[in-house]
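A look at the structure
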Amino acid sequence: MRTVSFATSARDQLLGSEFRRSYGWLTTSVHRLVGSRCDAEDLAASAFTELAGMEDVSHVRQPRALLTTIARRLTYEFWRRRDLERAYLEQLALAPEFYDASAEEICVAVDELMRIDAALQGLSAKAREAFILSQFEELTYAEIAQRLGVSVSMVRKYLTQALTACYAIA
């Protein structure tokens, strides 16, 4: 027979009661931001999943405030992913020979773009720009240096930083 500790039981009760009390409210709040009921439900559920994943929820004094913060972060990530996906599809459509990618291939590519984007967020704006100009516009170091108004050695430094960040996620 399995025994359940009092702490686990109290935690489950807290999470269950907060879910019943706040899920509908959070979904409505997120729906106003994203405009889609289905996306709002997914984001609200993900916010609760993150809350449930916390080791100790007993210290949470204002669960709705925490859930709102989590849901807003998830919403920003949702928007960023949607924007990256849209940009990727636009670039794919502009390719000389349009490649008819499957939904799965697009999803994998967008996931990779999101990981690269997250890795590059820790860099300076010029380092991110140097990486984009190098990788996507295929400019030379000299062309990048001229465009950014920096030396070629600074471009090398920027690209080293960017590639190091990208390799760290691999």
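Above this text sits the structure in question.
A short tour of the structure in this document, coming up. (Residues numbered from 1 in each chain as written. Predicted model: local features only at pLDDT ≥ 70, side-chain atom pairs only at ≥ 80, totals over all residues. Heavy atoms only, no water.)

1. Some remarks on the environment of Ala-47
Defined as follows: Secondary structure follows DSSP: runs of H or I at least 4 residues long count as helices, runs of E at least 2 residues long count as strands, and numbering of each begins at the N terminus. Note on contacts: a residue pair qualifies if any of its non-hydrogen atoms lie within 4.5 Å across the two residues.
With respect to the element layout, Ala-47 can be found in helix α2 (residues 37-53). In sequence terms Ala-47 and Tyr-23 are 24 residues apart; their C-alpha atoms lie 9.5 Å from each other. Each residue touching Ala-47, except ones within four places of it in the same chain, is listed here: Leu-26, Leu-67, Ile-70, Ala-71 and Leu-74.

2. Considering the environment of Ser-124
Formally: The term polar contact refers here to a pair of N or O atoms within 3.5 Å; inside protein, the definition further demands a hydrogen-donor-capable atom paired with an acceptor-capable atom, and it admits residues adjacent in sequence only when both atoms are side-chain atoms.
Tracing the chain through its elements places Ser-124 in the loop between α4 (103-120) and α5 (125-135). Of note is the side chain of Ser-124, whose polar atom sits 3.1 Å from the backbone nitrogen of Ala-127.

3. What to know about the packing of α2 against helix α3 (residues 63-94)
Put simply, the rule reads: Helix axes are fitted only over the stretch in contact, all axes being lines through C-alpha atoms; the angle between N-to-C directions runs from 0 to 180 degrees. Each angle gets one of four labels, with under 35 degrees taken as roughly parallel, over 145 as roughly antiparallel, 65 to 115 as roughly perpendicular, and the rest as oblique. Rotating anticlockwise by less than a right angle from the far helix to the near helix defines a left-handed crossing, while the corresponding clockwise rotation defines a right-handed one. Each residue is assigned to one of three groups, with Ala, Val, Leu, Ile, Met, Phe, Trp, Tyr, Cys and Pro labelled nonpolar, Asp, Glu, Lys and Arg labelled charged, and all others, Gly among them, labelled polar.
It is the contact of α2 with α3, at a shortest axis distance of 9 Å, that shows an interaxial angle of 125°. One finds that α2 runs oblique with respect to α3. α3 is crossed by α2, and the crossing has right-handed handedness. Contact residues: Asp-39, Leu-43, Ser-46, Ala-47, Phe-48, Glu-50 and Leu-51 in α2; Leu-66, Leu-67, Ile-70, Ala-71, Arg-73, Leu-74, Thr-75 and Phe-78 in α3. Considered class by class, the residues forming the contact of α2 with α3 number 10 nonpolar, 2 polar and 3 charged.

4. So, the nonpolar core
The line we're drawing: For our purposes a nonpolar core is just a set of buried Ala, Val, Leu, Ile, Met, Phe, Trp, Tyr and Cys residues, chained together by side-chain atoms within 4.5 Å. Each residue gets one of three labels from its accessible area relative to the maximum for its type: buried under 20%, exposed over 50%, partly exposed in between, using a 1.4 Å probe on protein chains only.
Judged by nonpolar contacts, the single largest core of 16 residues is most densely connected at Leu-120, Ala-130, Phe-131, Ile-144, Leu-148, Val-155 and Tyr-158. A per-element tally of this core places helix α7 (residues 152-169) first, with 5 residues. Once residues lying within four places of it in the same chain are set aside, the contact partners of Ala-130 are Ile-144, Leu-148, Tyr-158 and Leu-159. The next biggest cluster of nonpolar side chains, apart from the first, holds 15 residues, and it includes Val-30, Ala-40, Leu-43 and Ala-44.

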